[in-house]
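Residue strings, one per chain:
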Amino acid sequence: MTALLLAEFRDPETLIAAARRAREAGWKGLDAHTPFAVPELVEALGLPPARIRPIMLGAGVAAAVLTFALCWYSAVISYPLNLGGRPLNSWPTFLVLCFEAGVLAAALAGFVAFFAFSGLPRLHHPLFAARDFDRASQDAFFLAVQDPKVDAGRLALLLDGLGPVSVREVAQ
Amino acid sequence: MSPRGGGTEGLLPRSTSYGALVGLVADALMRRNVGWRWYAAFGVTLAMTLMLAGCVTWLFLRGLGIFGNNTAVVWGFPIANYVWWIGIGNAGTFISAALLLTRQPWRAAINRFAEVMTIFAVAIAGLFPILHLGRPEYAYWLAPYPNVMGLWPQWRSALVWDFAAIISYLIFSLLFWYLGLIPDMATLRDRARTRLGQVAYGVLAMGWRGSARHWQLHDAVYRALAVMALPLVVSVHSVAAMDFSASPMPGWQETIFPPYFVVGALFSGFGMVIVLTALVRLGLGLQAVITPRHFEVMGKIVLACSIGMGLSYATEWFYAWSLGSRAELVHLHKLFGGEYTPLYLTMLACNLLAPQILWIPQARRNILVVVCVAIVLNVGMWLERILIIWNTLSHGHLPSMWSVFWPSIFDWLVLAGSLGFFAMMFLCFARLLPAVAMHDLGKLLRERRKES
Amino acid sequence: MTPLLGRRQAALGLLASALTLTSCGEPEEEILPYVNKPDGLTPGVSQRFATSLPMGGYARGVLATTYEGRPVKLEGNPRHPASQGATDLFTEAAILSLYDPDRSRSLRREGRVDTWERFEAALLPRLAAAEANGGEGLRLLTGHLTSPTLLRLIGALRERFPAMHWHVYEPVAETAARRGAELAFGTPLTVLPRLQRARVILTLDADPLGPGPEQIRHNRAFAAIRTARRDNPGGLARLYAVEPVFSNTGAKADHRLALAPAGLRDFAVALAVRLGADLPVPALPEPAARFLDAVAQDLQAARGAALVLAGPWAPPEMQALVHWINDRLEAPVDHLPPPSGQPEDLAALAGALRGGAMDTLVIIDANPAYDAPADLDFAGALRDTDAFTVHLGPWRGETGALCRWHLPQHHPLEDWADLRASDGTASIAQPLIRPLYATRSAAWLLGLMRGRLSLESYAAVRETWAAQWPAESFEATWRRVLHDGVVPDSAATPLPRPAARAPALPPAPEAGLTLLLRPDPTVWDGRHANNPWLQECPKPLTRQVWGNAALMAPAEAERHGLREGDVVQLHAGGRMLEAPVLPLPGMAPGVAMLSLGYGRRQAGAIGNDLGANAYALRRQDALWELPGLRLVPAGRREEILRLQEMHRLEGEAQELLPERAFTDLLEHPLEPEPEEPPASIFKPLEPDAPVAWGMVIDTTLCTGCNACVVACQAENNVPVVGPGDVAKGRDMHWLRIDTYWHGPEAQPRPGFQPVPCMHCEAAPCEPVCPVAASVHDAEGLNVQVYNRCIGTRFCQGNCPYKVRRFNFHGYADGQEYANQGEPIVAAHYNPDVTVRGRGVMEKCTYCVQRISAARRQAEKEDRPIAEGEVRTACQSACPAQAIQFGDLRKAEAAVSRLRHEPQHYALLGHLGTRPRTTYLAQVRNPNPALEEPEA
């Protein structure tokens, strides 16, 4: 079982620098924990792109099409009625519903996809046990490394000059 | 609107730190004791909410006749209240989404409770179309569900669109709001001292660890939702407008209605946000992060909307005059020479005149002034909603069926009750959840540090 | 509708059976079907019986629809001369009075419930004693009677008591008319004007088209001479009206002159002088003089077809004058022999009551304690007398409460009777339902007094006619008469035209403000006050409901600083009455008008304490005209409940109810509305059934009599909402008569426009309903599916005609007004029509239940529905036949032909709604000599 190492920083910029170094060192299992989004980390840690939006688009379009199908079927086939002489297939009036349904479906899909991809909800995680990790959601910026060929010493060495507040190993 | 000086100018305290910002917001919930003011406010609003419940019970017992509606003016307060509340509900999500996409730094401090305002307002708005039904117990017939009669909703009706729009918008807003809330839940989880707090916030945080991957996915979804939010917001109030404009009645049958309603929605919505901003700022002592600059920019938007409203009214009058159809002319004549004219003029004063004071920079920066304008314009907007209904239905095509609407006591009680209900829910929110998005404040601080 | 028909029928079936139970008073615990089904009776299938209803003693023949022995609807009997297949609002509303919860159900002595045996035990000895002095001290009071049987029984009674006094009292009597005839001809002849034979008519404060026993006959006759059609050879007859108040007749007049009584009298005299009367010529002011010139010329030109009419309220001298004028004009008037046996009047009775010159008084179906002139103080006399007083009536009322004994009487629909129409035609009224309560008939009481115990009215009526018809064919004749509803050729034969004596000068009315009293258009003399349909029926012109008001010209009101709703004290003849003021354009200056029949104290839950009691001012010497009126503002206000404000149509608004002169009708026809749907990229859905129902309403013929409004209410189970909800601006009428005012303020010309649902092809109400409760059926009806409606009211909001009505409360569903929730009231419901619940929208259905009945019949017989087979309730009620209904696909159908008349138009047609209900504009026949240029 490879150890999980945490290096704590006081500001996002140094964290980014550290992340770059770690990546250039070719280390695996890199991650970071920050109180707010730090977009640069995606590139710095070389994270794979998030493929959520195509899913949302797909869900939205599908819902819209289904809604139109429902309107058309119920108004033309299932229970045709003369309403003020309007044609049975008054498609322009159906479109509003298609739009609303599409947006709703897309939003739900995105919401679900977010949890699926991020592995949440997960209420228990070893990191929570780490000392001071509670500040990861407030004012501390952590670099996490989980690589068999890396230990605390090498990490400290790598981060030389960036002045991490602490480098420690998380008990598993 | 381009912020003067640095983008973050005047939005954050001179010297502060990430931790300090978090503390500023979180402590309002966790440390400081509540104080009698909150309890007093809660008590009052709770009473009003109970009154609302009482009225609704009476409504279901005695039937719709307890309201002032009559044979010709079949719609009354409930519909006006609905349009008003849904309008208010439009601003929250719009502010949050639009400002996010346009990278407005001043979004950070206000987007959270603006979203909450949306959710509560839309929820209340959704009540009214049901309460105003003759047989509310059958409201669910508007939904397509398998039934032995093989019956369906009537898709051509704007009310069905309404039904769909309200529901989608409500759910959408909840998702959008909760997604933004998750990181802050983690923050509160980690700051909570009590076991209950840790568990409750912990569960709501869903194990958020602020990992780079989390943030990446979060950003992707959140921005996508923001992009969808804008057309959705527009559609919701356009549909509300079609309840009227898709009809042959004088004063309703106008193509200007959807945009006109959307502008009106933002107008009243921003008005309500301004009021809430002032309350939150005071109540939670957030003067540090909610600054006069917030009020100034929102004041500018209100001013812009007010001009938009003016254009809409003018267009209405011009239509009526240029179409020259008898009914339209009668309607126009009744606007300025009918039973409701005093109200109509009041409405014009509230919506068009009052905001003009915001041309003056000093006034814009004076929180009190901006808040007063906001309150006045919301009164005006409610008047506008009720007058759209009254003026048209009271003076239809046939003079024989002209009649004046006299509100009943229940009309007023229900309106007041809905305000109390809204206020009560908002008070609870301010006590239990972070009124300001802490992670957004963090981002904002980082931006400022980059600037300098 | 079609897919839902099955469920709807089922619901109706249940309803029908439930109602039958409540109505026939059988135990509610257990429901059993017929053990032996009566012959010819199919449960759920209606039967129709001919019978007659009295009004002012005269008969109006009706056909009653009954379900399982429960009458639910009355329509006119085509064979009867007084109804000719049509009805008036009183006939239509009679059904509800039958089921009135306030009807007297038990015999009372001094107010306490008692038994019939005890009553007989009390009465018979007195009669026996009275025989000694020939019945001196025995007095009988009735309303105006034409019933051969009752007259025969009274005659028989007189044989037993030669000295008995018989008094007759009607609040709206024809006494003046008879006296006038006596002055003119020497005998009190009955004078019957024949409007259908007239070309020029002048009414001098007469209202032949207004309410009254002859309303239907006159309306039909008038319609016959006022029907404007492309191929109408004779053109239109011309109507002039000179009157102080605004009557329905005045509303239909080509030229109307508002004159106070004094001016009216001068006008009549001047006219007589023109025709050669030897009378001093009164000076006529303009414009009366100009008016007179034109009228006199017209009348003389139309000699033989010129007719002048005076109202029953005109003084005898005026009546005589008019008779003489008609004589000179050889007017189309029939003279019938006077009724035999002149009874005494009410004054004599009151005198006797006070003088104590009587020991027994029997009052049959009269209510003098309420409607006697105030100066008689009849109620006081009745209260103070120690005579043996008996009151027999369907309602206890003010009089029953003051009499020692009150006996509950059958409702006319529960009793055997015979009646005569004004032209003498006799008809036999048969009961439609077993008496609901332990009541008795007038015949029984008269029989009892005669000494004949338990005389059934059935037997009495048969005896009467057995004496007239040959015995061998009696049964056959009897059956035929019952079936037809009229006794063949029983009408009186007109006398040769009697010469009218030279007229005397009518007395000059006092100058100054005058209060005129008139019968009320909806509650008549007050006997209908407890009928909610009539109370909520908007009065013609004012459209007031649930009360009366002092009507006066706007200028007059202004002169006294009065606005609508101000309560004013009316001081006249030393008496005072408070009433709210209602300004009405067209009232003559110097007069105020108050209608009789309100301010009742013991009418019942509906009629009590509504409006002002005009009888409190009435005097024997001033029954209709109270000079020396003083108006004193009372300093308070009273809301006047009206279903429509006064609306003058000016400029473009005239498109709503256009006016045309008959002469330039063909030259300038109304531009026809496009039959085709407005252009659209979408192909509209057209109803595809072989029939396409449509309706055309001729506003020229409509006299605003309201028969259709009440007929619709009766046919379609339309509930009343009560004054409280009316004040909130709510009402439930499916059919309303919009009243608009044309012409200058000084010379207003009201127009009546009945507005049912338009059944638009492109109905704005339908696409907006979220649950498809408002849909179109294959035959083009716009139908409302009550059990699908959730009450969004979007449909009504979108309806340009605002013809839909919403159940804001459970008006027929647990929240009924006053006593309308009592089980017995439910008995009037038409089982073929759903009773709507709270929170649903409802509207005119073109009487879809009648359509589907006709369709079922036609399908059974495998034939198409014939033209005229379906008649809507409003159509069959209309005495002027102003409403036509039928199949637009048939070119020869009446509706199709009317749609091609030059004055045909669609209301708000420019909206593209393509209504199925369309109108014929108002056509007038003005006299060029009097046409003042429109301001």
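The model shown is predicted, which means the values in this text are computed figures rather than measured ones.

Asks: Help me understand the overall build of chain B in this model?
Replies: Of regular secondary structure, chain B possesses 15 helices and zero strands. Computed over C-alpha atoms, the radius of gyration of chain B comes to 23 Å, within 12% of the 22 Å expected from 2.2 N^0.38 for 452 residues, which places it in the range of a compact globule. C-alpha extents for chain B along the principal axes are approximately 70 × 55 × 45 Å. Expressed as a percentage of its 452 residues, the buried residues of chain B come to 65%. Across chain B, every contact between residues at least 6 apart in sequence was considered, and the portion connecting residues at least 24 apart equals 82%. A total accessible area of about 15300 Å² is found for chain B, and carbon and sulfur atoms account for 73% of it. For chain B, the distance from the average site of its 32 positive side-chain charges to the average site of its 19 negative ones is 11 Å.

Asks: Is there a simple way to think about the packing of helix H4 (residues 107-131) of chain B against helix H14 (residues 409-432) of chain B in this case?
Replies: Helix-helix packing is characterised by the crossing angle of the two axes and by the distance between the axes. Residues and elements named next belong to chain B. At a minimum axis distance of 10 Å, the contact between H4 and H14 shows a crossing angle of 145 degrees. Remark: the crossing between H4 and H14 carries right-handed chirality. Mapping the contact onto sequence places Arg112, Phe113, Val116, Met117, Phe120, Ala121, Ile124, Leu127 and Phe128 in H4 and Val414, Ser418, Phe421, Phe422, Met425, Phe426 and Phe429 in H14. For the contact of H4 with H14, a count of residues per class yields 14 nonpolar, one polar and one charged.

Asks: Sorry if this is basic, but what is going on with the interface of chain B and chain A here?
Replies: When the parts come together, some accessible area is lost, and that loss is often what is quoted as the size of the interface. In this complex, chain B contributes 58 residues to the contact, which on the side of chain A involves 66 residues. In total, chain B and chain A occlude about 5200 Å² of area from one another, counting both sides; carbon and sulfur atoms represent 72% of this. It is Arg156, Arg209 and Arg446 of chain B in chain B that bury the most area against chain A; as a group they hold 16% of the surface buried on that side. Run the count over chain B and chain A and you get three salt bridges. Of all the secondary-structure elements, those providing two or more residues to the side of chain B that touches chain A are helix H1 (18-30), helix H5 (158-191), helix H6 (195-205), helix H7 (212-245) and helix H15 (438-451) of chain B. Looking at the side of chain B that touches chain A residue by residue, the classes come out as 32 nonpolar, 15 polar and 11 charged.

Asks: What should I look at first to understand the packing of aromatic side chains in this one?
Replies: Aromatic ring pairs: the centre-centre distance and the angle between the two ring planes describe each pair. Summed over all chains, the structure comprises 65 aromatic pairs over all chains. Ring geometry for Phe77 of chain B against Trp390 of chain B: centres 6.1 Å apart, planes inclined by 35 degrees, an arrangement best described as tilted. Here Phe77 of chain B is found in helix H3 (residues 77-101), whereas its partner Trp390 of chain B is found in helix H13 (residues 367-394), with 313 residues between them in sequence. Residue Phe77 of chain B is classed as buried on the basis of its relative accessible area, which comes to 1%. With 5.6 Å between their ring centres and 65 degrees between their planes, Trp313 of chain C and Trp624 of chain C make a pair best called edge-to-face.

Asks: It is not clear to me how the pairing of strand S37 (residues 917-920) of chain C should be interpreted in this structure. Could you clarify?
Replies: Regular strands show a simple pattern: their side chains alternate between the two faces of the sheet. Residue and element names in this part refer to chain C. Residues Thr917 and Tyr919 line one face of S37 and the alternating positions Thr918 and Leu920 line the opposite face, and both faces are buried. Two elements, strand S28 (residues 693-698) and S37, share four bridges in a ladder whose sense is parallel. Paired with Asp698 across the two strands is Leu920, which belongs to S37. Pairing geometry for strand S36 (residues 904-905) and S37, over two bridges, is antiparallel.

Asks: I tried to follow unusual backbone geometry on my own but got confused; where do I start?
Replies: Among all residues except glycine, the phi angle is most often negative; among peptide bonds, the trans geometry is most common. Between Leu120 of chain A and the following residue, Pro121 of chain A, the backbone shows a cis peptide bond with an omega angle of -10 degrees. Structurally, the position occupied by Pro121 of chain A is in the loop between helix H4 (91-118) and helix H5 (126-129). The backbone phi angle of Met206 of chain B is positive, close to 60 degrees, even though this residue is not glycine. Structurally, Met206 of chain B can be placed in the loop between H6 and H7. Phi is positive for Gln84 of chain C, close to 50 degrees, though the residue is something other than glycine.

Asks: What exactly am I supposed to notice about the sheet that holds strand S19 (residues 514-518) of chain C here?
Replies: Either a parallel or an antiparallel arrangement is found when strands of a sheet pair, and the pairing is made through backbone hydrogen bonds. Residue and element names in this part refer to chain C. The mixed open sheet is built from seven strands, whose spatial order is S24-S19-S23-S20-S22-S21-S25. Since the sheet does not close on itself, it has two edges, and those belong to strand S24 (625-626) and strand S25 (630-637), each with one partner. Of the pairings in the sheet, the one linking S19 to strand S23 (residues 591-595) comprises five bridges and is parallel in character. Bridging across to S23, Leu515 finds its partner in Ala592.

Asks: I tried to follow the pattern of salt bridges on my own but got confused; where do I start?
Replies: Side chains carrying opposite charge are able to pair once their charged atoms draw close together. All told, the structure shown has 72 salt bridges over all chains when counted by the stated rule. One salt bridge in this structure joins Arg446 of chain B and Glu40 of chain A, with 2.7 Å as the shortest N-O distance. With Arg446 of chain B in helix H15 and Glu40 of chain A in helix H2 (residues 40-45), this pair bridges two chains. Using a relative accessible area of 4% as the deciding quantity, one classes Arg446 of chain B as buried. Note on Glu40 of chain A: relative accessible area 24%, which makes it partly exposed. One salt bridge connects Glu745 of chain C with Arg648 of chain C, and the closest N-O pair in it is separated by 3.4 Å. Here Glu745 of chain C is found in the loop between strand S29 (736-742) and strand S30 (749-755), whereas its partner Arg648 of chain C is found in strand S26 (residues 647-648), with 97 residues between them in sequence. Each member of the salt-bridge network shares a partner with another, and the members are Arg48, Lys73, Glu75, Glu92, Glu715 and Arg850 of chain C.

Asks: Hey, could you run me through helix H23 (residues 848-860) of chain C in this one?
Replies: Residues spaced three or four apart along an α-helix face the same direction, because each turn holds 3.6 residues. Residues and elements named next belong to chain C. The first and last C-alpha atoms of H23 sit 18 Å apart over 13 residues, in line with the 18 Å expected at 1.5 Å per residue. For H23, the complete set of buried residues consists of Val848, Gln849, Arg850, Ile851, Ser852, Ala854 and Ala858. Once H23 ends, the next one or two residues include Asp862, with phi positive near 55 degrees.

Asks: How should I be thinking about the interface of chain A and chain C in this particular structure?
Replies: Between chain A and chain C, the contact holds 11 residues from the first and 17 residues from the second. Across the interface of chain A and chain C, roughly 1100 Å² is buried in total on both sides, 67% from carbon and sulfur atoms. Counting the surface chain A buries against chain C, the share from its top three residues, Asn82, Leu83 and Gly84 of chain A, is 42%. For the pair chain A and chain C, the interface holds zero salt bridges.

Asks: What exactly am I supposed to notice about the domain arrangement of chain A here?
Replies: Each assigned domain of chain A is listed with its residue range as follows: domain 1 (4-49 + 126-170) and domain 2 (53-118). Relative to domain 2 of chain A, the C-alpha centre of domain 1 of chain A lies at a distance of 45 Å.

Asks: Explain the sheet that holds strand S11 (residues 255-258) of chain C here, please?
Replies: All names here are of chain C. With parallel pairing, the four strands of this open sheet are ordered in space as S11-S10-S9-S12. Taken across any chain shown, the strands that pair with only one partner, and hence form the sheet edges, are S11 and strand S12 (306-310). Strand-to-strand twist across the sheet, computed as the mean angle between neighbouring axes with direction ignored, equals 10 degrees. In this sheet, strand S10 (residues 238-243) lies alongside strand S9 (residues 200-204) in parallel orientation, the contact comprising five bridges. Following the sheet pairing, Leu204 is matched in S10 by Val242. Lying on the sheet, helix H9 (residues 288-301) is in contact with S9, S10, S11 and S12; it crosses S10 at an angle near 140 degrees. Strands in contact with helix H10 (residues 316-329) are S9 and S12; relative to S12, the strand with the most contacts, it is inclined by about 175 degrees.

Asks: Hey, could you run me through the side chain of Asn70 of chain B in this one?
Replies: Note that Asn70 of chain B resides in the loop between helix H2 (36-62) and H3. Of the polar contacts made by the side chain of Asn70 of chain B, one reaches the backbone oxygen of Val404 of chain B; its length is 3.4 Å. Discounting chain neighbours no more than four positions away, the residues touching Asn70 of chain B are Ser403, Val404 and Phe405 of chain B together with Lys728, Gly729, Arg730 and Phe808 of chain C.

Asks: Please clarify how the environment of Gly341 of chain C should be interpreted in this entry.
Replies: Residue and element names in this part refer to chain C. With respect to the element layout, Gly341 can be found in the loop between strand S13 (333-336) and helix H11 (346-355). We classify Gly341 as partly exposed; its relative accessible area is 45%. Separated by 543 residues in the primary sequence, Gly341 and Gln884 have C-alpha atoms spaced 45 Å apart.

Procedures and definitions
- Residues numbered from 1 in each chain as written.
- Chains lettered and ligands numbered in written order.
- Predicted model: local features only at pLDDT ≥ 70, side-chain atom pairs only at ≥ 80, totals over all residues.
- Heavy atoms only, no water.
- Helix = DSSP H or I, 4+ residues; strand = E, 2+ residues; numbered from the N terminus.
- Rg over C-alpha atoms; globule rule 2.2 N^0.38 Å.
- Buried < 20%, exposed > 50% of the residue type's maximum accessible area, 1.4 Å probe, protein only.
- Contact = heavy atoms within 4.5 Å.
- Areas by Shrake-Rupley, 256 points an atom, 1.4 Å probe, with all protein chains shown as cover.
- Lys, Arg positive; Asp, Glu negative; His and termini not counted.
- Charge placed at Lys NZ, Arg CZ, Asp CG, Glu CD.
- Axes fitted to C-alpha atoms, helices over the stretch in contact; angles between N-to-C directions.
- Left-handed = near helix turned anticlockwise from the far one by under 90°.
- Nonpolar A, V, L, I, M, F, W, Y, C, P; charged D, E, K, R; others polar.
- Buried area = accessible area lost by both parts, 1.4 Å probe.
- Salt bridge = Lys/Arg side-chain N within 4 Å of Asp/Glu carboxyl O.
- Phe/Tyr/Trp six-rings, centres within 6.5 Å; stacked < 30°, edge-to-face > 60°.
- Pairing = 2+ DSSP bridges.
- Expected span 1.5 Å × (residues − 1).
- Domains from an automatic or database assignment.
- Polar contact = N/O pair within 3.5 Å; in protein donor to acceptor, adjacent residues only side chain to side chain.

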